[in-house]
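Reading the structure
These are the residues of each chain, in order.
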Amino acid sequence: LKMGTPVKDVELPKNAPSSLLLQKHSDYIEAFEKNKDDYEYCMTEFLRVSGVYWGLTAMDLMGQLHRMNKEEVLHFVEGCQHPCGGFGPTHQQDPHLLYTLSAIQILTLYDSLDVIDAEQVVKYIVSLQQEDGSFYGDHWGEVDTRFSFCSLACLALMGRLNAINVDKAVKFVLSCMNFDGGFGSVPGSESHAGQVYCCVGALAIAGALYHVDADQLGWWLAERQLPSGGLNGRPEKLPDVCYSWWVLSSLKMIGRIHWIDKEKLEHFIMASQDEETGGFSDRPGDWVDPFHTLFGLGGLSLLGNKQVKPVNPVFCMPQDVLDRIGLKVKLLDSV
Amino acid sequence: MVEWGGSASVELELTEKVLDEDAKNYHAWQHRQWVITTYKLWDGELEFVERLLQEDFRNNSAWNQRHFVITNTSSYTHEVLKNEIEYASKYVRKAPNNESSWNYLRGILRGQLLLNYPEVEGLCLELYAKNIRSPFLLGMLVEVFKEKATEMTDTSTRQTYLDKATNFCVELCKMDSVHTGYWNYIQRKLLAL
């Protein structure tokens, strides 16, 4: 049988972890946030508030949020807000939509939106929407569908979606749909699973999922699964645990999560845990970080693992948090 | 204007340098698209894409760029489409299990009647006869026979075509077991026709 040329992939090590090391992961995250002199902690200062969101959400999914210092976090997040309303990644760093979303997610997690100027956040986001419906990431003017997602998600969490022009926002996102059914960062850009998540998430929030060709996109997403069981972000790339989130949540939103071989993917995610340090890495044997830890846990949750709380596929937050604030986003029916 | 033209070609060269080192660099491709669109530097871009595909025809970014150029220049007229089918077929023959060339072929045929492009069916049957069993090939064969069935008024010929399509689905469930969820769905859709 002639199948053609070999596929770019990794091989899972034979002695890789196969069960979920919850205790190790929660110890890892707790220590990460506490060790403020740690090299990696210092090196990730440029995205600190996002790092905090990843750590807290991972802890909450494991039912361990109480081990984190709520007061310290709230004080930190407060200090990230600028007079314009946007949030920087840490104190005295310029505001950006990416960090604004992380801040709002943290505050929602802690039911503490009232500690910041929410109205000003809305004004900040509105000021970034352009004529064609796209969003600048900040006043320097980079456009990317990630920023469309950040804007819509932020506003939805605050119950202020209609502050922006939703129709135009949808129109711009749809202009980034490609010939293969996927989405890129701007019109013409290559389909990429991370961008697909942002676009599908934005469309879901806007109630516009019906525009998606779910069969074509679902197949493109299913094709991300490699023989190792892991998922990549676009053709001919290596698998990475974070795509267990971007790809899987996208499939969930369009009702086609069963197009992935769940067992094989779970196997890959489990193998990407570090038995010694705790945490997940991008693939087996690599160094761990909170980013991959959150998305590994999120992926497992979507796969139905009962040791982790149910996660919401649109917002990447525990479902019970969204239930608490009464935020419902309709997904496409499962086929 | 010369100055602008000068800096534009510098920008283009810069992206080329980055892509020489890392042919799939997402930001380089995005910037390159911006430069080409803004300064209308479409000439020679298809040749650039061809060079990259000759180096590595599995480069999905290059295939995306090809679609970007044609969409913004000649667009996919009937003649262009026939050309592009032949172009993609060349690479499909080289590596029948490579998803990028198939995705491109499938993508440009969206909304088209395969009936109008019989070379597609020809390509698929040719590869199948050579005992090639890539999921992309069989997936395309399902589409070919599904369309033939829907275009048929004669019920027994229609059923023959539907059976052929269904058999490919069954074969796919076995050989591409990671995607059984998808192939089962495709099969169900056929039965609902």
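To start, this report covers the structure provided alongside it. The structure displayed is predicted, hence computed values, not measured ones. (Residues numbered from 1 in each chain as written. Chains lettered and ligands numbered in written order. Predicted model: local features only at pLDDT ≥ 70, side-chain atom pairs only at ≥ 80, totals over all residues. Heavy atoms only, no water.)

Points about the overall build of chain A
Along the backbone of chain A there are 14 helices and four strands. By principal-axis analysis of the C-alpha atoms, chain A measures approximately 65 × 45 × 35 Å. For chain A, with 335 residues in total, the buried portion stands at 62%. Here the contacts in chain A between residues at least 6 apart in sequence split such that 67% fall between residues at least 24 apart. If the 27 positive side-chain charges of chain A are averaged to one point and the 43 negative ones to another, these points end up 5 Å apart. (Helix = DSSP H or I, 4+ residues; strand = E, 2+ residues; numbered from the N terminus. Buried < 20%, exposed > 50% of the residue type's maximum accessible area, 1.4 Å probe, protein only. Contact = heavy atoms within 4.5 Å. Lys, Arg positive; Asp, Glu negative; His and termini not counted. Charge placed at Lys NZ, Arg CZ, Asp CG, Glu CD.)

Section: the interface of chain B and chain A
Taken together, the 39 residues of chain B in the interface contact 39 residues of chain A. Summed over both sides, the interface between chain B and chain A buries roughly 3,400 Å², with carbon and sulfur atoms accounting for 52% of that surface. Ranking the residues of chain B by area buried against chain A places Tyr26(B), Val178(B) and Tyr182(B) at the top, with a combined share of 19%. Run the count over chain B and chain A and you get three salt bridges. At the boundary of chain B and chain A, one finds 18 residue pairs in polar contact (both at pLDDT 80 or more). If you list the elements that add at least two residues to the side of chain B that touches chain A, you get α2 (26–39), α4 (60–72), α6 (99–108), α8 (135–151) and α10 (180–191) of chain B. (Buried area = accessible area lost by both parts, 1.4 Å probe. Salt bridge = Lys/Arg side-chain N within 4 Å of Asp/Glu carboxyl O. Polar contact = N/O pair within 3.5 Å; in protein donor to acceptor, adjacent residues only side chain to side chain.)

What about the packing of aromatic side chains?
Geometrically, a pair of aromatic rings is defined through the distance of the ring centres and the angle of the planes. Applying the stated criterion across every chain, the model contains 26 aromatic pairs over all chains. Each ring, one from Trp246(A) and one from Phe295(A), has its centre 4.8 Å from the other, and the planes form 45 degrees; the classification is tilted. Placement of the pair is Trp246(A) in helix α11 (residues 241–253) and Phe295(A) in helix α13 (residues 290–302), with a sequence separation of 49 residues. The residues Trp246(A) and Phe295(A) share a single accessibility class, namely buried. An angle of 90 degrees between the planes, with centres 5.6 Å apart, marks the rings of Trp63(B) and Tyr91(B) as edge-to-face. Remark: Tyr91(B) occurs in helix α5 (residues 78–94) and Trp63(B) occurs in helix α4; sequence separation between them is 28 residues. (Phe/Tyr/Trp six-rings, centres within 6.5 Å; stacked < 30°, edge-to-face > 60°.)

Quick look at helix α3 (residues 48–61) of chain A
All names here are of chain A. Over its 14 residues, α3 runs 20 Å from end to end, which matches the ideal 20 Å to within 8%, given 1.5 Å per residue. Counting buried residues in α3 gives 14 out of 14 residues, a clear majority hidden from the surface. At the C-terminal side of α3, Gly-63 shows a positive phi close to 70 degrees. (Expected span 1.5 Å × (residues − 1).)

Some words on the packing of α11(A) against α13(A)
All names here are of chain A. Close contact between α11 and α13 brings their axes to 7 Å; oriented N to C, the two are set at 40 degrees. By the angle between their directions, the pair α11 and α13 is classed as oblique. As α11 runs across α13, the sense of the crossing is left-handed. The segment α11 lies against α13, with Val-241, Cys-242, Ser-244, Trp-245, Trp-246, Leu-248, Ser-249 and Lys-252 engaging Phe-291, His-292, Phe-295, Gly-296, Gly-298, Gly-299 and Leu-302. (Axes fitted to C-alpha atoms, helices over the stretch in contact; angles between N-to-C directions. Parallel < 35°, antiparallel > 145°, perpendicular 65-115°, else oblique. Left-handed = near helix turned anticlockwise from the far one by under 90°.)

Comments concerning helix α8 (residues 166–174) of chain A
Residues and elements named next belong to chain A. Within α8, the full set of buried residues consists of Val-166, Ala-169, Val-170, Phe-172 and Val-173. For α8, the buried positions fall inside an angular range of 160 degrees around the axis, keeping them on one side. Structural note: α8 exposes Asp-167 and Lys-171 on the side pointing more than 90 degrees away from its buried face. For α8, the elements touching its buried residues are α7 (145–157) and α9 (193–205). Two or three places before Asp-167, at the opening of α8, Asn-165 has a side-chain oxygen 3.3 Å from that residue's backbone nitrogen. (Arc of directions from axis to C-beta.)

Examining the side chain of Gln273(A)
Residues and elements named next belong to chain A. As for its position among the elements, Gln-273 is in the loop between α12 (262–271) and β1 (280–281). Within the structure, the side chain of Gln-273 is placed 2.9 Å from the backbone oxygen of Met-270, a separation counted as a polar contact. Excluding its chain neighbours within four sequence positions, the residues that come into contact with Gln-273 are Pro-17, Ser-19, Leu-20, Leu-21, His-25, Gly-279 and Phe-280.

Looking at unusual backbone geometry
Residue and element names in this part refer to chain B. Positive phi outside glycine occurs at Lys-40, with the angle close to 55 degrees. By secondary structure assignment, the location of Lys-40 is in the loop between α2 and α3 (45–55). The exposure class assigned to Lys-40 is exposed, which follows from its relative accessible area of 64%. One non-glycine residue with positive phi stands out, namely Asn-131, at about 70 degrees. Relative to the helices and strands, Asn-131 is located in the loop between α7 (118–129) and α8. Judged by its relative accessible area of 37%, Asn-131 is partly exposed.

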